[in-house]
Amino acid sequence: MSTGPIRLSQEAHTALRPATAARITGGFWAARRRVNAEVSVPQGPHRLERAGNLANLRAAASAAPAESGFRGDFPFQDSDVHKWLEAASWQLADGGEGPAEEELARQVERLAGLVTSAQAEDGYLQTYYQLGPDARRWAEPHWGHELYCAGHLLQAAVAHHRATGADGLLDVAVRCADLVDATFGPGRNETVCGHPEIETALVELYRETGERRYLDLAGYFVDRRGQGSLGDGPADGSPGPRPGAPYWQDHIPVREATAVAGHAVRQLYLLAGAADVAAETGNAGLRDALVRLWEDMATTKTYLTGGVGSRHELESFGDAYELPPDRAYAETCAAIAAIHFGWRMALLTGEARYSDLVERTLFNGFASGVSIDGERWLYVNPLQVRQDDDSRKDATSDRSAHRTPWFRCACCPPNVMRLLASLPHYMASGDAQGLQLHQYASGSYEAGGGAVRVGTGYPWEGRIAVVVDTAPRDTDWTLSLRIPHWATAYEATVGGEPVAERADNGWLRLRRRWRPGETVVLSLSLEPRLTRPDPRADGVRGCAAIERGPLVYCLEQPDQPAGLRLDDIALDPDATLSAEHRPELLGGVTVITSLALRHAVVRDGWWPYRDGGAGSADGVRPGVDTGGAEALDPVPVTAIPYYAWANREPGAMRVWTPLQPPAG
């Protein structure tokens, strides 16, 4: 039985089940998780205290809460506390010992106690509405986020219960869920929350308690979405703009939708919850809709980094292929939501492509959200920052291309913390045939009746060694290894002998009778490569990006020769891309070096445009038409992994670089 965020019921209709035990013990993700455990998570209570979140809980628990007033700018700030509690609980589940772990356990119980004391007698808990003198419960479904906060409370309680075995916070969650169940549904309050989250939380509470009505209520919320209960937004005079029904996915029922739309985080939290409902009910129509919506997102609305959300306006998806690099919103929370959705789809269907995208998002669009030292964060994750970008002037803005210690709307930091703390449970799965490795990280994993140990330097190295520690005796058992979609070449051996099997639909399935200690070695080619965009992505047409393995690379100003402007160069598709590991740089990274063409723009007059008639550039190869620019000697350029950008002095950055000279 899984000890992680997803614990499927015995009746669940999925192809795969999460690993029953999982630990990451070394390598890239172990290092990121160690910083999370030693720096980010311990800072949580201090940050929440300074922001007023904990003061609100104490005020709600006091004898005269209305006299204290609410601190903060947003009604949903309790959710930051709940997410931190979930993160810290998963961290405790790692089983470490020592003063740091003892202090973390003390802080968890302190904050859990604050949450418990703040809960109203009937189970209600949201300090904004408990402290506001004119606030009315359940009256502001668009912006109040009451069910969203309740959902994060439920997930924190489940994590706390699985990590500690204690019932206290779970009892708080059950009382809250019972109130929600008594308040919402046919013939009662028939609206939905403007921000989905409660759906997946109710399903997990059902899995933890066995109480079927929580699953039924989650299904009700999924089916009620798109029935028009939210409409275009609040009536005139209510807080917030009128963004329209697609913003909160209330324009069409989930089962009928053909495209992801609206606020990216809300859309993907909804789909993650719908995937949980489909897993537990076996509803084929819902499953088909989820496949269709994932395909729309992946094929037309996902950045190379795995990030989603093309528009700063309303933090929303754009149109198909609307993927501007410099105006990419790509909120860190949206990357996390995409990982939640993708992992559930991988379990639901057993298909490798979902884990392919999870890997891309983990290493790029998600990992970029927190600094290497674990102390600073990005809310938005653009793929280009211009030379004279002025968003850095306001370093406190949630939307700045500058890492900050915390945000006014601090949804992303504790969200990153909880995913990193629970990350081992996204690595492997099992079924009746055996064990599947979805992601590659040194560690130990149990699933499908067997156990394996993985040792690898991934993503810097392509060699992955898997030792089969236990497998069923006297019967065949299958070890399945995901072959990433970017891997053009791979080799595999068992006991040093090449395997005869070849990958099928992204899985290399090795079925045989295993001896304890038998070793599989998978070697993936990690040659650097140039990647070109879909030609329909107007914002990056004629450009290329550098990739190596699962990592997307970017050019950042500090790594380039003095005086070189990133706006003045073009990549030569014939230039050699060379990989070099630099352990002293940015916590230890492999960089890609190459040559680019720099051009000095020559202007003839004041008008910046030129004739594009016969004889103009073919738009493919550099050097064909300088467009008024005089080519200089090639210049060396250095690319770093995208996740590591913005960890030094501010400067220009770009993932996509033209393959032709800049227009003169």
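Look up a bit, the structure's there.
Residue positions are given per chain, counted from 1 along the sequence in the order it is written. Reporting in this predicted model follows two pLDDT cut-offs: at least 70 for local features of residues, and 80 or more for side-chain atom pairs to be given and counted; totals over whole chains, interfaces and linings ignore these cut-offs and use all residues. Processing note: side-chain calculations cover all non-hydrogen atoms of the structure and skip hydrogens and water entirely.

Below, the discussion takes up the overall build of the protein chain. Counting its regular elements, the protein chain contains 14 helices and 22 strands. Two things to know: the radius of gyration comes from C-alpha atoms, and the globule rule equals 2.2 Å times the number of residues to the power 0.38. On C-alpha atoms alone, the protein chain measures out to a radius of gyration of 25 Å, which is about the 26 Å that the 2.2 N^0.38 rule sets for 664 residues. If one aligns the C-alpha atoms of the protein chain with their principal axes, the spans along those axes are about 75 × 70 × 50 Å. For the protein chain, buried positions account for 60% of its 664 residues. Contacts were defined at the residue level, with two residues in contact if any of their heavy atoms lie within 4.5 Å. Counted over contacts in the protein chain with a minimum sequence separation of 6, partners at least 24 positions apart contribute 70%. Note that accessible areas follow from Shrake-Rupley with a 1.4 Å probe, and for residues the cover is restricted to the protein chains shown. Surface accessibility of the protein chain: about 25000 Å² in total, with carbon and sulfur atoms responsible for 48%. Treating the 65 positive side-chain charges of the protein chain as one cloud and the 86 negative ones as another, the clouds have centres 1 Å apart. Secondary structure elements are defined from DSSP: runs of H or I of at least 4 residues count as helices, runs of E of at least 2 residues count as strands, and each element is numbered from the N terminus. Categorising residues by exposure relies on relative accessible area from a 1.4 Å probe, with only protein chains included: less than 20% of the type maximum marks a residue as buried, more than 50% marks it as exposed, and the intermediate range marks it as partly exposed. When charges are tallied, Lys and Arg are placed among the positive residues and Asp and Glu among the negative ones, while His and the ends of the chain are skipped. A charge is said to be at NZ when it belongs to Lys, at CZ for Arg, at CG for Asp and at CD for Glu.

What follows concerns the sheet that holds strand E2 (residues 21–26). One open sheet accounts for seven strands, arranged E2-E6-E7-E8-E13-E10-E11; its pairing is antiparallel. Of all strands in the sheet, those bounded by a partner on one side alone are E2 and strand E11 (497–498). Pairing between two strands requires that DSSP report at least two bridges joining them. As paired elements, strand E10 (residues 490–494) and strand E13 (residues 518–524) share five bridges and run antiparallel to each other. Among the inter-strand pairings, Thr493 is bridged to a residue of E13, identified as Val521.

What follows is about the packing of aromatic side chains. In summary, the pairing rule links any two rings of Phe, Tyr or Trp, Trp by its six-membered ring, whose centres are within 6.5 Å, and it sorts them by plane angle into stacked for under 30 degrees, edge-to-face for over 60 and tilted for everything else. In this structure the tally under the stated criterion is 26 aromatic pairs. Here Trp606 and Trp607 contribute two aromatic rings whose centre-to-centre distance is 5.2 Å and whose plane-to-plane angle is 70 degrees, an arrangement assigned as edge-to-face. Note on accessibility: Trp606 and Trp607 belong to one class, exposed. Taken together, the ring pairs in this structure connect Phe28, Trp29, Phe363, Phe366, Tyr440, Tyr458, Trp460 and Tyr643 into an aromatic cluster.

We define a salt bridge as a contact between a side-chain nitrogen of Lys or Arg and a carboxyl oxygen of Asp or Glu at a distance within 4 Å. Inspection of every chain in the model, using the stated rule, returns 41 salt bridges. The partner of Glu103 in a salt bridge is Arg106, and the shortest N-O contact between them spans 3.0 Å. Of this pair, Glu103 and Arg106 are both found in helix H4 (residues 99–118), three residues apart, which corresponds to roughly one turn of the helix. Taking relative accessible area as the criterion, Arg106 reaches 46% and is therefore assigned partly exposed. The shortest N-O distance in the salt bridge between Arg360 and Glu547 comes to 2.8 Å. Of this pair, Arg360 sits in helix H13 (residues 352–366) while Glu547 is found in strand E15 (residues 543–548), placing the two residues 187 residues apart along the sequence. As far as burial versus exposure is concerned, Arg360 and Glu547 are alike and both buried.

We now examine the pairing of E15. Here E15 lies mainly inside the structure; six of its six residues are buried. Bridging between strand E14 (residues 529–531) and E15 involves three bridges; their strand directions are antiparallel. Among the inter-strand pairings, Arg529 is bridged to a residue of E15, identified as Glu547. Across two bridges, E15 lies against strand E22 (residues 657–658) in antiparallel orientation. Each bridged residue has a counterpart across the sheet, and for Ala544 the counterpart in E22 is Thr657. Pairing of E15 with strand E16 (residues 551–556), which is carried by two bridges, proceeds in the antiparallel orientation. By the bridge assignment for E16, Arg548 is matched with Leu551. The hairpin formed by E15 and E16 contains two residues between the paired strands, and Gly549 there has a positive phi angle of roughly 55 degrees.

A few words now on helix H10 (residues 264–281). Residue count minus one, scaled by 1.5 Å, sets the expected span of a helix. Helix length check: H10 (18 residues) gives 26 Å between terminal C-alpha atoms against 26 Å at 1.5 Å per residue, within 8%. Of all 18 residues that make up H10, 17 are buried, and the element is covered over most of its length.

This part is about the packing of helix H1 (residues 28–51) against helix H14 (residues 412–422). In this analysis, axes come from line fits to C-alpha atoms, helices being fitted only over the stretch in contact, and the angle between any two N-to-C directions falls in the range 0 to 180 degrees. Packing of H1 against H14 brings their axes to within 9 Å, and their N-to-C directions diverge by 130 degrees. Considered as vectors, H1 and H14 are oriented oblique to each other. Taken as a pair, H1 and H14 cross one another with a handedness that is left-handed. Mapping the contact onto sequence places Trp29, Arg32, Arg33, Asn36, Ser40 and Val41 in H1 and Met417, Leu420 and Ala421 in H14. Amino acids are sorted into nonpolar (Ala, Val, Leu, Ile, Met, Phe, Trp, Tyr, Cys and Pro), charged (Asp, Glu, Lys and Arg) and polar (every other residue, Gly among them). Classifying every residue of the contact of H1 with H14 gives five nonpolar, two polar and two charged. Should an angle fall under 35 degrees it is called roughly parallel, over 145 degrees roughly antiparallel, and 65 to 115 degrees roughly perpendicular, with every other angle called oblique. It is the rotation of the near helix from the far one that decides the hand of a crossing: anticlockwise by less than a right angle makes it left-handed, clockwise makes it right-handed.

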